[in-house]
Amino acid sequence: MDKRVETPPAQAALSHADIRSILIGTMLAMFLAALDQTIVATAMPTIGRELGDVAHLPWVVTAYLLAATAVTPLYGKFADIHGRRVTMLGGIVIFVIGSVACARAPSLWLLVAARFVQGLGGGGLMAMAQTIVGDMVPPKERGKYQVYFASVFFTSSLLGPVLGGMIAEALHWSVIFWINLPLGLGAYWMTDKALQRLPRHERPHKLDVLGALLMTGATMTLLLALSWGGTHYPWGSPPIIGLVAGSALLWLCFAWRLRTAAEPLIPLTVLANPVVRNATVAAGFGMGTFIGLTIYLPLYFETVMGLSAANSGLGLIPLTCGTVFGATSSGRAMGKLTHYKRVPVAGLSLALVGTAVLIAYGDQLPLWAFGLVLALISVGFGMLLPVATVSIQNAVPMHQLGTVTGTANFFRQIGGALIVAIFGAIVLGGLGASGSGLSAETLKAGGVDRATMVGLFRYVFAASFAGFALALLFLLRMKELPLRGSALAAAKEVAGE
């Protein structure tokens, strides 16, 4: 084991102004990636009409998802080898190049290719932002900074759909990509200057290219199966079975590579760490359940509660607002409590109570009461996020911070894709549908009544209960390690003292 002590100045050398400057720069970079995932959705119909291809529109979203998910752990490993600054700046440059290519795309398939490039850049920005905060702030104080990340997601969730629709109608759909140019240049300029003062923890290692290719292939085939299953093809169809089998084979090859490579892409010590394992799985189940609810609740609002498409989006506000409040309270409490795990345990218990209410009385609640229950669930879930992230980072040496943060974010995204697929299977399977059109309009046109949707969503809420229950189970299994309170403690732990 490498016993070298890391660069001593670390966090102690950073002033409050330094931390603020770095934080603003990384938040702007993170906002780029978060906004782009929401702003495109409402402009999709306009894009399809103008480019003359509505049938293949889902690829605009799928291409970005495939690339962004697959490269997330690669960014973390690259940052541990070559440093945070060059990795973050590289991600911003790739993202901006992809955005310009999207804006100038003359056809849908060229737009899809450009979105893939954009995803290659955007996939690492969120994990890199969390890694950078881990470099400049000790774990004992790190939880309170997670609220800034939660606020980025909240802002992008609210602004993105509104801006996307307004820009597509009033200007041109390409403007939603052109605005990434000034934002990206601003993020590059601020991040470049700020990260020059960041402590350095990278170590000279080699990137396992074969392992990276195997994991990327396994991820993409799995995500394609989850995206197409039940929508474009039945779950038991040859294309889906072939994709799942291909993904399983590639994952087995990747596991073999982890055991045989001199320097595996993800160190076995990281995968074997019980804190990392339990916290990652807990966050994966929690985040996946939350994403599934945000995707399918608008359908519930329209078909069961009779809201319009615009108002169904407003109905999600309690679910997004509560997460910020929960993450804020949990993050601030984490540095003050010895048993910091108790806060998210209470929060997830609260979320379980909320989902139980939806299972039993969801269709009988007035809209205000339904929103109150969603806020309760959201606050409870939000308490998990800072504790899971900081616990994972606190459990490894500083020179593995990028790798473990990227890996944790990767498995969260995979968990989200799996649970969204389960929710989709419940709804589509219950309707006996396997087509590509799942919306309130198509369901109403097909004669689906309210009682049927109430019954199906009772199963969706039950699956949500199970998801939060599994998150709570793995959180309870996670050991509470004392949080490092200074850079010196981090350096000593890396040195094995």
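Everything here concerns the structure above.
Residues numbered from 1 in each chain as written. Predicted model: local features only at pLDDT ≥ 70, side-chain atom pairs only at ≥ 80, totals over all residues. Heavy atoms only, no water.

(A) Molecular detail of the overall build of the chain. Within the chain, the regular secondary structure consists of 23 helices and zero strands. Relative to its full complement of 497 residues, the chain shows a buried share of 55%. Excluding contacts between residues fewer than 6 apart, the proportion of contacts in the chain whose partners are at least 24 apart in sequence is 85%. Entry remark: accessible area of the chain is about 20,000 Å², with carbon and sulfur atoms responsible for 69%. (Helix = DSSP H or I, 4+ residues; strand = E, 2+ residues; numbered from the N terminus. Buried < 20%, exposed > 50% of the residue type's maximum accessible area, 1.4 Å probe, protein only. Contact = heavy atoms within 4.5 Å. Areas by Shrake-Rupley, 256 points an atom, 1.4 Å probe, with all protein chains shown as cover.)

(B) How the structure looks around the environment of Leu-470. In this structure, Leu-470 sits in helix H22 (residues 450-477). Owing to a relative accessible area of 32%, Leu-470 belongs among the partly exposed residues under this scheme. Taking the C-alpha atoms as reference points, Leu-470 and Val-281, 189 residues apart in sequence, are found 8.6 Å from one another.

(C) Representation of the pattern of salt bridges in the model. Inspection of every chain in the model, using the stated rule, returns four salt bridges. One salt bridge connects Arg-85 with Asp-192, and the closest N-O pair in it is separated by 2.6 Å. With a gap of 107 residues between them, Arg-85 in helix H4 (residues 84-103) and Asp-192 in helix H10 (residues 180-195) connect regions that are remote in the sequence. When its relative accessible area of 34% is taken as the criterion, Arg-85 is described as partly exposed. A salt bridge links Arg-458 to Asp-363; its shortest N-O distance comes to 3.4 Å. Here Arg-458, found in helix H22, pairs with Asp-363, found in the loop between helix H17 (342-361) and helix H18 (367-382); they are 95 residues apart in sequence, far enough to count as distant. (Salt bridge = Lys/Arg side-chain N within 4 Å of Asp/Glu carboxyl O.)

(D) View of the side chain of Asn-409. Inspection of the secondary structure puts Asn-409 in helix H20 (residues 401-431). Residue classification places Asn-409 among the buried positions, given a relative accessible area of 13%. Separated by 2.8 Å, the side chains of Asn-409 and Gln-130 make a polar contact. When residues no more than four places from it in sequence are discounted, the contact partners of Asn-409 are Thr-72, Ala-127 and Gln-130. (Polar contact = N/O pair within 3.5 Å; in protein donor to acceptor, adjacent residues only side chain to side chain.)

(E) Fine view of a nonpolar patch on the surface. There is a patch of nonpolar side chains on the surface, built from Phe-78, Val-86, Leu-207, Val-209 and Leu-213 and spanning about 430 Å² of accessible area. Relative to the elements of secondary structure, Phe-78 occurs in helix H3 (residues 58-82). (Patch = residues over 30% accessible without salt bridge, like charges linked within 9 Å, V, L, I, M, F, W, Y side chains within 5 Å.)

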